[in-house]
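Overview (structure and organization)
Okay, here's what each chain looks like letter by letter:
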Amino acid sequence: MYTYGSELQSIKIPDRFATVRVDNDTPLAIVGSIYKPSQNREFVTLLNQLRIQEVAEFEALSYSKAGQMVYAIMKLNTGVSFDSDPHAGYLIARTSHDGSCSLEIAPLLMRISCTNAINRS
């Protein structure tokens, strides 16, 4: 059960829970009872397997929406060519702590440098 509001005046919402940042107790979102929380280290550990296997290297790791969304950009160690025109390949990986998306990993042929593009991908 999630309790919303101050101790003096609160609303209890059955079968709902809040995800909370552990470093400062900031609520991130209200989620349902089937939501499975994960830690950022689990996300990075999974992606680090690509680095260990020499498939890709980390280019950026960050978060947006006050930590509700976390993402990584990885550069693939092997690029692609179109008519002898070489292009670097990237992966974008993201997940959320508010239930708005599951773990997603997608290939890219451009380097994303803006969180607006990350949220659209």
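So, here's what we can say about the structure. What you are looking at is a predicted structure, and each value in this text was computed from that prediction instead of being measured. (Residues numbered from 1 in each chain as written. Predicted model: local features only at pLDDT ≥ 70, side-chain atom pairs only at ≥ 80, totals over all residues. Heavy atoms only, no water.)

Focus on helix α1 (residues 40–52)
Note the following rule: To qualify as a helix, a DSSP run of H or I must reach at least 4 residues; to qualify as a strand, a run of E must reach at least 2; elements of each kind are numbered from the N terminus. The span one expects for a helix is its residue count, reduced by one, times 1.5 Å. The cut-offs for exposure are 20% and 50% of the maximum accessible area for each residue type, with area from a 1.4 Å probe on protein chains only; residues under the lower value are buried, those over the upper are exposed, and the others partly exposed. It only takes one pair of heavy atoms within 4.5 Å for two residues to be counted as in contact.
Over its 13 residues, α1 extends 18 Å from the first C-alpha to the last, a length consistent with the 18 Å expected when each residue adds 1.5 Å. Along α1, the residues that are buried comprise Phe43, Leu47 and Asn48. At its buried positions, α1 is contacted by β5 (56–64), β6 (69–76), β9 (90–96) and β10 (104–108). Backbone geometry just after α1 places Glu54 at a positive phi near 60°.

What about unusual backbone geometry?
Unusually for a residue other than glycine, Glu54 sits at a positive phi of about 60°. Among the secondary structure elements, Glu54 is positioned in the loop between α1 and β5. Under the relative-accessibility criterion, Glu54 is labelled exposed at 63%. With phi around 65°, Ser84 is a residue other than glycine that occupies positive phi space. Residue placement: Ser84 occurs in the loop between β7 (80–82) and β8 (85–87). Accessibility expressed as a relative area gives 73% for Ser84, which makes it exposed.

Observations regarding the nonpolar core
Note the threshold: Only buried residues count toward a nonpolar core. Its members are Ala, Val, Leu, Ile, Met, Phe, Trp, Tyr and Cys residues joined through side-chain atoms within 4.5 Å.
The biggest cluster of nonpolar side chains holds eight residues, and these are Phe43, Leu47, Ala56, Val70, Ala72, Met74, Leu91 and Ala93. If you list the elements that add at least two residues to this core, you get α1, β6 and β9. For this core, the element with the most residues is β6, which contributes three residues. Leaving out residues up to four positions away in the same chain, Met74 has contacts with Leu47, Leu50, Arg51, Ala56, Glu57, Phe58, Glu59, Gly89, Tyr90 and Leu91.

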